[in-house]
Amino acid sequence: MATTKVDPKLNESELKTKPKTYQGLTSQQLIDAYRIMFTSRRIDDREILLKRQQKVFFQISGAGHEAVGVAAAFSLKSGYDWFYPYYRDRALCLALGATPLEMLMGAVGAADDPCSGGRQMPSHWAYKRLNVVTQSSATGTQILHAVGCAEAGRYLSKHPNAARKAEGDYRQFKDVQFQGDEVTYVSLGDGTTSEGEFWEALNSASNRRLPVLFCVEDNEYAISVPVEVQTSGGNISRLVSGFPNFHFEEMDGTDPVVAYAALKRAVEYCRAGNGPAFVHAHVIRPYSHSLSDDERLYRPDAERQRDAARDPISRLQMFLLREGILDEQGINKIEKEVDEEVQSAADRALEAPIPQPETIHNYVYSPDLDPTSAAFDRPPAFASPEAGSDGKRSAASQPKTMADLINATLRDEMRRDERVLIFGEDVADASREEYLKQKLIKGKGGVFKLTSGLQMEFGADRVFNTPIAEAAIVGRATGMAIRGLKPVVEIQFFDYIWPAMMQLRDELPTIRWRSNNAFSAPVVVRVAIGGYLTGGAIYHSQCGESIFTHTPGLRVVFPSNSLDAAGLLRTAIRCDDPVLFLEHKRLYRETYGRSPYPGPDFMVPFGKAKIVQPGTDLTVITYGAVVPRALQAAQKLEREQHVSVELLDLRTLNPFDWEAIAASVKKTNRALIAYEDSLSWGYGAEIAARIADQLFHHLDAPVKRIAATDTFVAYQPLLENAILPQASDLFRAMKELAEF
Ligand SMILES: Cc1ncc(C[n+]2csc(CCOP(=O)(O)OP(=O)(O)O)c2C)c(N)n1
Ligand SMILES: [Mg+2]
């Protein structure tokens with residue numbers, strides 16, 4: 001282990017008074033380090049015992065990773081810096097201030113487990129008071145959150161007013177704190193460096209010079225797969241060495257003194273604002289991957305013994321003895337105290353109350369702010385249509401497209417709330433701002449121009465382009481929202497949302513539930529969706545909303561007209577839940593459903609359908625671009641057959657307005673669900689099932705669905721027409737149902 005060289009200029013008396021340090025660590029800190037590392041190992045051992053006794057249900061150990069964890073905690077500031085540790089970081093969390101009791105409460109799944117209240121596996125750390133942020137089991141997703149976290153810290157330093165609390169929207173429930181020189185720590189294993197999100201995170205942190213400290217804890221295995229299979233050439237440091245603006249360290253992570261020296265340099269670099277740091281710590285994994293794994297199946301004894309010789313606990317013990325910092329008695333005393341503490345923590349954890357089954361629904365959504373409530377029901381305030389002195393109607397009173405009103409709503413909300421940020425692909429007016437300043441160009445502002453002019457008004461801090469990296473767009477937004485910002489990000493086409501699927505399924509909607517309400521991430525994700533474009537073809541026409549309505553925790557909105565788009569987008573931005581805001585491309589500039597500007601406070605609550613047309617003979621339940629087509633069909637049916645159709649536009653898909661559906665079906669006794677996505681397993685299936693289940697006695701006919709064919713959407717317009725539901729298809733289906 002490394003020791004500090006004595007400064008030759010010190011005279012003898014100074015030498016006597018100046019205590020010896022080890023790369024800046026005092027003897028006392030090394031004793032503390034030993035206590036923490038030993039505690040960490042003992043908790044692992046205790047959990048393993050409890051697992052064998054079937055008193056805990058899973059175990060993931062931090063064994064072999066203790067030294068680097070303690071070194072990281074000693075070089076950073078608990079509750080000041082931000083931490084995205086992975087599951088092996090038990091020692092880091094103990095060193096930051098988590099207690100053995102808290103950890104063992106996680107192992108037994110106790111109600112008071114601060115990480116998740118018994119919802120997540122043990123070792124999924126989350127300690128709000130320490131700025132340790134909730135993590136999932138998905139390898140690598142946390143790295144993008146860490147980037148977003150660092151971006152939030154920087155943004156708040158430049159826009160301190162954004163941190164102010166405000167009444168009446170999500171800000172009331174979202175405390176913001178930041179330090180000018182905070183560092184964000186994120187750790188991961190060697191195998192996790194193979195994830196694309198790791199590279200997306202490095203690229204953004206590098207390019208934006210963010211104070212993120214990436215710590216790779218390389219134990220040479222990812223379950224059974226050795227590092228040379230994961231990483232070309234077997235060394236991740238070599239692969240990342242070309243990223244600009246980084247500080248790099250590679251060291252023996254089983255030696256706390258060596259690890260501390262490296263981490264201290266890395267932290268100093270980040271804290272000074274120079275950019276990110278990459279610390280590559282070589283560690284060992286003396287226990288198998290988890291208790292579900294037996295490493296003897298793929299690692300020979302000799303290799304395991306080689307690792308054991310580097311065990312950080314015994315190495316530090318030897319070091320303390322050799323340096324005369326502790327004698328055997330001192331070591332024994334610490335170990336005895338730790339054993340007693342862990343024993344008593346285990347006893348207490350085993351007696352701790354477990355969560356009640358009826359609490360399972362808590363915190364899927366915000367308990368504080370209900371977007372279906374009257375607080376989100378605000379009438380429009382249209383400008384007076386009276387002619388001005390020039391005889392023309394005022395511009396604001398002219399009917400506006402959905403594109404216009406979405407743009408206006410974004411502008412209003414950015415003016416009102418400095419926490420709102422917009423980013424995505426092509427959303428800025430121009431990344432090369434000087435062109436705008438010199439008035440050489442007009443600016444783009446989105447491939448559909450929905451964000452046009454926003455960068456010019458609010459600056460590149462608040463509206464900016466990102467790399468083509470959808471996971472990074474959603475992952476960074478999640479990290480920012482956890483810190484209290486309100487990212488309103490754009491996915492350019494629904495067809496390209498899939499790289500972000502892990503973030504949209506396993507992260508964003510789970511943050512609140514899995515942390516038992518300790519953290520939340522109310523991001524708005526705007527997505528251009530849908531077909532009927534004539535030429536959009538398979539990769540510019542997809543729907544697929546039911547995949548997201550099938551995800552608890554995510555609000556899904558799908559407006560059919562300008563006014564609803566404005567009112568629902570405002571609700572999405574002001575509410576306290578993550579929202580997927582689906583904007584139909586075909587409707588962006590449609591003549592149907594235009595509306596004058598409804599003012600800066602107009603809101604439509606979620607979960608309230610609109611009766612587009614009242615009727616008595618059958619109910620059509622639909623949304624999005626099928627609404628105008630269904631209306632056309634219904635009007636024709638009324639004209640030609642005198643069939644009176646009640647047309648419901650759901651407007652929001654999760655939550656959806658079951659009361660409106662039930663009231664209508666009870667009146668008409670016939671239901672048709674019409675949607676643009678392919679038929680099978682689509683959004684209509686759930687509604688049809690509920691009607692069959694709960695309204696069976698009110699039905700005079702089978703519940704019908706009309707939707708796209710179970711194919712993709714083709715380019716040739718004749719094929720597209722055959723694939724997507726047309727007004728003529730809707731007419732036929734309504735007529736058949738009415739005649740049943
Ligand atoms: C995205 C994802 N894929 C697969 C898994 C299953 N899994 C859990 S841990 C792990 C290995 C991780 O290895 P490494 O990053 O080296 O960390 P270590 O466990 O060795 O510390 C795998 C494949 C997962 N949790 N997430
Ligand atoms: Mg590993």
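Look up a bit, the structure's there.
What you are looking at is a predicted structure, and each value in this text was computed from that prediction instead of being measured.

Trainee: When you look at the overall build of the chain in this model, what are you seeing that I'm missing?
Mentor: Summing up its helical and strand segments, the chain has 26 helices and 19 strands in all. Taken over the C-alpha trace, the chain has a radius of gyration of 29 Å; the compact-globule value for 740 residues is 27 Å, and the two agree within 12%. Taking the principal axes of the C-alpha coordinates as reference, the chain spans close to 105 × 65 × 45 Å. The buried share among the 740 residues of the chain stands at 58%.

Trainee: I'm lost on the coordination of the magnesium ion (ligand 2) in this one. Help?
Mentor: Between any two of four tetrahedral donors, the ideal angle at the metal is 109.5 degrees; between two of six octahedral donors, it is 90 or 180 degrees. Here the magnesium ion (ligand 2) is held by the protein donor atoms Asp190 (OD), Asn219 (OD1) and Tyr221 (O), which lie 2.0 to 2.1 Å from it. Along the chain, the residues that donate to the magnesium ion (ligand 2) are spaced as D-x28-N-x1-Y. For the residue pair asparagine 219 and tyrosine 221, the accessibility class agrees, reading buried in each case.

Trainee: Explain a positive patch on the surface here, please?
Mentor: Together, Lys442, Lys444, Lys449 and Arg589 line one region of the surface with positive charge. Residue lysine 442 is classed as exposed on the basis of its relative accessible area of 77%.

Trainee: Please explain the sheet that holds strand β9 (residues 463-465) as it appears in this structure.
Mentor: Sheet strands line up and pair through hydrogen bonds in the backbone, either parallel or antiparallel. The 7 strands are arranged β9-β8-β10-β11-β13-β12-β17 in an open sheet whose pairing can be described as mixed. Both edges of this open sheet fall to β9 and β17 (652-654), since each of them pairs with a single strand only. Sheet twist, expressed as the average angle between the axes of neighbouring strands with direction ignored, equals 20°. Where strand β8 (residues 420-424) and strand β10 (residues 486-491) come together, 5 bridges link them in parallel fashion. Looking at the pairing, phenylalanine 423 lines up with valine 489 of β10. The strands touched by helix α21 (residues 562-574) within the sheet are β8, β10, β11 (524-529), β12 (555-557), β13 (579-584) and β17, with β13 carrying the most contacts at an inclination of about 160°.

Trainee: I would appreciate a short explanation of the sheet that holds strand β2 (residues 184-189) in the present structure.
Mentor: Spatially, the 5 strands line up as an open sheet ordered β1-β2-β3-β7-β6, and their pairing is parallel. Edge positions in the sheet fall to β1 (82-84) and β6 (247-252), since each has one partner strand and no second. Averaged over neighbouring strand pairs, the angle between their axes works out to 15° when direction is ignored.

Trainee: Sorry, what's going on with the side chain of serine 40 here?
Mentor: Position of serine 40 relative to the elements: it lies in helix α2 (residues 27-52). Those residues within four positions of serine 40 in sequence are excluded, and the remaining contacts are Glu66, Arg90, Ala91 and Leu94.

Trainee: I'm lost on the packing of α2 against helix α3 (residues 66-75) in this one. Help?
Mentor: Working note: a packed helix pair is described by the angle between its axes plus the distance between those axes. At their nearest, the axes of α2 and α3 sit 10 Å apart, and the two run at 130° to each other. Considered as vectors, α2 and α3 are oriented oblique to each other. Considering the relative orientation of α2 and α3, their crossing is right-handed. Judged by residue contacts, Gln29, Asp32, Ala33, Ile36, Met37, Ser40 and Arg41 of α2 engage Glu66, Ala67, Val70 and Phe74 from α3.

Trainee: What is the right way to look at the site of ligand 1 in this model?
Mentor: Around ligand 1, the structure places 18 residues, and the nearest of them are Tyr86, Tyr87, Ser137, Thr192 and Tyr221. Aspartate 190 places a polar side-chain atom, nitrogen or oxygen, 3.0 Å from an oxygen atom of ligand 1. Threonine 192 is positioned with one of its side-chain polar atoms (N or O) 2.7 Å from an oxygen atom of ligand 1. About the coverage of ligand 1: the protein hides 74% of its 580 Å² of free accessible area.

Trainee: Honestly, the environment of methionine 603 in this entry has me stumped. Any pointers?
Mentor: Relative to the assigned elements, methionine 603 resides in the loop between β13 and β14 (610-613). With 25 residues separating them along the chain, methionine 603 and proline 578 place their C-alpha atoms 17 Å apart. Setting aside chain neighbours within four positions, we find methionine 603 in contact with Ala375, Phe376, Asp377, Arg378, Gly567, Arg570, Thr571 and Arg574.

Trainee: How should I be thinking about the pairing of strand β16 (residues 645-649) in this particular structure?
Mentor: In the case of a regular strand, side chains alternate between the two sheet surfaces. Most of β16 sits inside the fold, with 5 of its 5 residues counted as buried. Here β16 shows two buried faces, one formed by Val645, Leu647 and Asp649 and the other by Glu646 and Leu648. By the bridge criterion, 3 bridges tie β14 to β16 in an arrangement that is antiparallel. Within the sheet, the bridge partner assigned to lysine 610 lies in β16 and is aspartate 649. Across 5 bridges, strand β15 (residues 618-622) lies against β16 in parallel orientation. Directly across from isoleucine 621, in β16, lies its bridge partner leucine 648.

Trainee: Just checking my understanding: could you explain the pattern of salt bridges for this structure?
Mentor: Oppositely charged side chains can form a pair if their charged atoms are brought close together. This model, assessed by the stated rule, comprises 53 salt bridges. Notably, a salt bridge pairs lysine 333 with glutamate 337, separated by 3.1 Å at the nearest N-O pair. With a gap of 4 residues between them, lysine 333 and glutamate 337 both fall in helix α13 (residues 328-351), about one helical turn apart. Classification of lysine 333 as exposed rests on a relative accessible area of 53%. Arginine 732 is the partner of aspartate 729 in a salt bridge, and the nearest nitrogen-oxygen pair spans 3.4 Å. You can see aspartate 729 and its partner arginine 732 sitting in helix α26 (residues 727-739), 3 residues apart, about one turn around the helix. Among the residues examined, aspartate 729 registers a relative accessible area of 18% and is labelled buried. Ionic contacts of the salt-bridge type, sharing partners, join the residues Glu220, Arg285, Asp293, Glu295, Arg299, Asp301, Glu303, Arg304, Arg306 and Asp307 into one network.

Trainee: Help me understand the packing of helix α12 (residues 312-322) against α13 in this model?
Mentor: Contact pair α12 / α13: the axes reach a minimum separation of 9 Å and the direction vectors enclose 140°. Between α12 and α13, the interaxial angle falls into the category oblique. For the pair formed by α12 and α13, the contact residues are Gln317, Leu320 and Leu321 on the first element and Glu328, Ile331 and Glu335 on the second. The residue inventory of the contact of α12 with α13, partitioned by class, reads 3 nonpolar, 1 polar and 2 charged.

Trainee: In this structure, what is going on with α26? I would like to understand it.
Mentor: An α-helix turns once every 3.6 residues. As a result, residues three or four positions apart point the same way. Relative to the 18 Å expected for 13 residues at 1.5 Å per residue, α26 spans 18 Å between its end C-alpha atoms, a close match to the ideal helical length. Inspection of α26 places Ala727, Asp729, Leu730, Phe731, Ala733, Met734 and Leu737 among the buried residues, and these make up the whole buried set. Those residues of α26 hidden inside the fold are in contact with β15, α22 (626-641), β16, β18 (671-678) and β19 (704-708).

Trainee: So what exactly am I meant to see when it comes to the nonpolar core here?
Mentor: One recurring pattern in soluble globular proteins is that nonpolar side chains are buried together. Residues Leu213, Phe214, Ile661 and Ile691 are the most contacted members of the largest nonpolar core, which totals 157 residues. Each residue touching isoleucine 691, except ones within four places of it in the same chain, is listed here: Ile621, Trp658, Ile661, Val665, Ala671, Ile673, Phe696, Leu699 and Val703. Core analysis: the second largest hydrophobic core is formed by 61 residues, Leu450, Leu454, Val643 and Phe731 among them.

Cut-off values and rules
Residues numbered from 1 in each chain as written. Chains lettered and ligands numbered in written order. Predicted model: local features only at pLDDT ≥ 70, side-chain atom pairs only at ≥ 80, totals over all residues. Heavy atoms only, no water. Helix = DSSP H or I, 4+ residues; strand = E, 2+ residues; numbered from the N terminus. Rg over C-alpha atoms; globule rule 2.2 N^0.38 Å. Buried < 20%, exposed > 50% of the residue type's maximum accessible area, 1.4 Å probe, protein only. Donors = N, O, S within 2.8 Å, 3.2 Å for Na, K, Ca; no water. Patch = residues over 30% accessible without salt bridge, like charges linked within 9 Å, V, L, I, M, F, W, Y side chains within 5 Å. Areas by Shrake-Rupley, 256 points an atom, 1.4 Å probe, with all protein chains shown as cover. Salt bridge = Lys/Arg side-chain N within 4 Å of Asp/Glu carboxyl O. Lys, Arg positive; Asp, Glu negative; His and termini not counted. Charge placed at Lys NZ, Arg CZ, Asp CG, Glu CD. Pairing = 2+ DSSP bridges. Axes fitted to C-alpha atoms, helices over the stretch in contact; angles between N-to-C directions. Contact = heavy atoms within 4.5 Å. Parallel < 35°, antiparallel > 145°, perpendicular 65-115°, else oblique. Left-handed = near helix turned anticlockwise from the far one by under 90°. Near = heavy atom within 4 Å. Polar contact = N/O pair within 3.5 Å; in protein donor to acceptor, adjacent residues only side chain to side chain. Nonpolar A, V, L, I, M, F, W, Y, C, P; charged D, E, K, R; others polar. Expected span 1.5 Å × (residues − 1). Core = buried A, V, L, I, M, F, W, Y, C linked by side-chain atoms within 4.5 Å.

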